[in-house]
Amino acid sequence: MNKGELINEVAKVVCTKKEAQAAVECVFDSITKTLKKKGQVAIAGFGTFKVSKRKARAGRNPQTGAEIKIAAKSVPKFTAGKGLKDAVG
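Residues numbered from 1 in each chain as written. Predicted model: local features only at pLDDT ≥ 70, side-chain atom pairs only at ≥ 80, totals over all residues. Heavy atoms only, no water.

## With respect to the overall build of the protein
Turning to step 1, where the next piece is worked out: Regarding its fold elements, the protein presents three helices and five strands.
Turning to step 2, where the next piece is worked out: Starting at the N terminus, the α and β elements of the protein follow one another as α-α-β-β-β-β-β-α.
Turning to step 3, where the next piece is worked out: Counting every position in the protein, which comprises 89 residues, the buried fraction comes to 13%.
Turning to step 4, where the next piece is worked out: Once local pairs closer than 6 in sequence are excluded, the contacts in the protein between residues at least 24 apart make up 29%.
Turning to step 5, where the next piece is worked out: Treating the 19 positive side-chain charges of the protein as one cloud and the 7 negative ones as another, the clouds have centres 12 Å apart. (Helix = DSSP H or I, 4+ residues; strand = E, 2+ residues; numbered from the N terminus. Buried < 20%, exposed > 50% of the residue type's maximum accessible area, 1.4 Å probe, protein only. Contact = heavy atoms within 4.5 Å. Lys, Arg positive; Asp, Glu negative; His and termini not counted. Charge placed at Lys NZ, Arg CZ, Asp CG, Glu CD.)

Structure, rendered in structure tokens:
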């Protein structure tokens with residue numbers, strides 16, 4: 001399912017496709033803003049979005065074999081909740 005298909009599914013519940021798009025965008029924006037502030041978003045029965053830190057490390061350029069430095073960075077992480085795990089598995 002892509003974003004357009006998700007909007008179409010939400011449109012079945014709300015009045016118009018325009019409102020559905022606004023709702024989906026609002027959810028995505030809210031999750032993004034919270035993660036930018038290093039917070040976490042927990043949705044009961046679905047899962048948790050949080051920020052994980054990766055340490056700086058050494059890597060290799062696959063073309064030349066030269067060692068390169070990979071900087072430390074923060075990355076988003078999703079952990080599925082029990083309800084989602086049970087529904088899928």
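## Remarks on the sheet that holds strand E1 (residues 41-43)
Turning to step 1, where the next piece is worked out: Judged by pairing direction, the sheet is antiparallel, and its three strands sit side by side in the order E1-E2-E5 without closing on themselves. Sheet topology places E1 and strand E5 (73-80) at the edges, where each strand pairs with a single neighbour. With direction set aside, neighbouring strand axes in the sheet form an average angle of 30°.
Turning to step 2, where the next piece is worked out: Sheet analysis places E1 next to strand E2 (residues 47-54), joined by three bridges and oriented antiparallel. By the bridge assignment for E2, Val41 is matched with Phe49.
Turning to step 3, where the next piece is worked out: Most of the contacts of helix H2 (residues 17-36) go to E2, to which it runs at about 35°, and overall it touches E1, E2 and E5. (Pairing = 2+ DSSP bridges. Axes fitted to C-alpha atoms, helices over the stretch in contact; angles between N-to-C directions.)

## Things to note about the packing of aromatic side chains
Turning to step 1, where the next piece is worked out: Evaluated as defined, the whole model comprises two aromatic pairs.
Turning to step 2, where the next piece is worked out: Consider the rings of Phe46 and Phe78, whose centres lie 5.5 Å apart with planes at 50°: the pair is tilted. Taken together, the residues span a long stretch of sequence, with Phe46 in the loop between E1 and E2 and Phe78 in strand E5 at a distance of 32 residues.
Turning to step 3, where the next piece is worked out: Residue class for Phe46 comes out partly exposed when judged on its relative accessible area of 38%.
Turning to step 4, where the next piece is worked out: Residue Phe78 is classed as partly exposed on the basis of its relative accessible area of 35%. (Phe/Tyr/Trp six-rings, centres within 6.5 Å; stacked < 30°, edge-to-face > 60°.)

## Some details on H2
Turning to step 1, where the next piece is worked out: Between its first and last C-alpha, H2 extends 28 Å over 20 residues, near the 28 Å set by a 1.5 Å rise per residue.
Turning to step 2, where the next piece is worked out: When H2 is considered as a whole, its buried residues turn out to be Ala20, Val24, Ile31 and Leu35. Angularly, the buried residues of H2 cover 35° about the axis, an arc narrow enough to put them on a single face. Turned more than 90 degrees from where H2 packs its buried face, Lys18, Lys33 and Lys36 sit exposed.
Turning to step 3, where the next piece is worked out: Residues of H2 that are buried make contact with helix H1 (3-11), E1, E2 and E5.
Turning to step 4, where the next piece is worked out: Lys38 sits one or two positions beyond H2 and adopts a positive phi of about 65°. (Expected span 1.5 Å × (residues − 1). Arc of directions from axis to C-beta.)

## Looking at the pairing of strand E3 (residues 57-60)
Turning to step 1, where the next piece is worked out: Pairing of E3 with strand E4 (residues 67-70), which is carried by four bridges, proceeds in the antiparallel orientation. Among the inter-strand pairings, Arg60 is bridged to a residue of E4, identified as Glu67.
Turning to step 2, where the next piece is worked out: In this antiparallel pair of consecutive strands, E3 and E4, the connection spans six residues, and Gly65 shows a positive phi of 80°.

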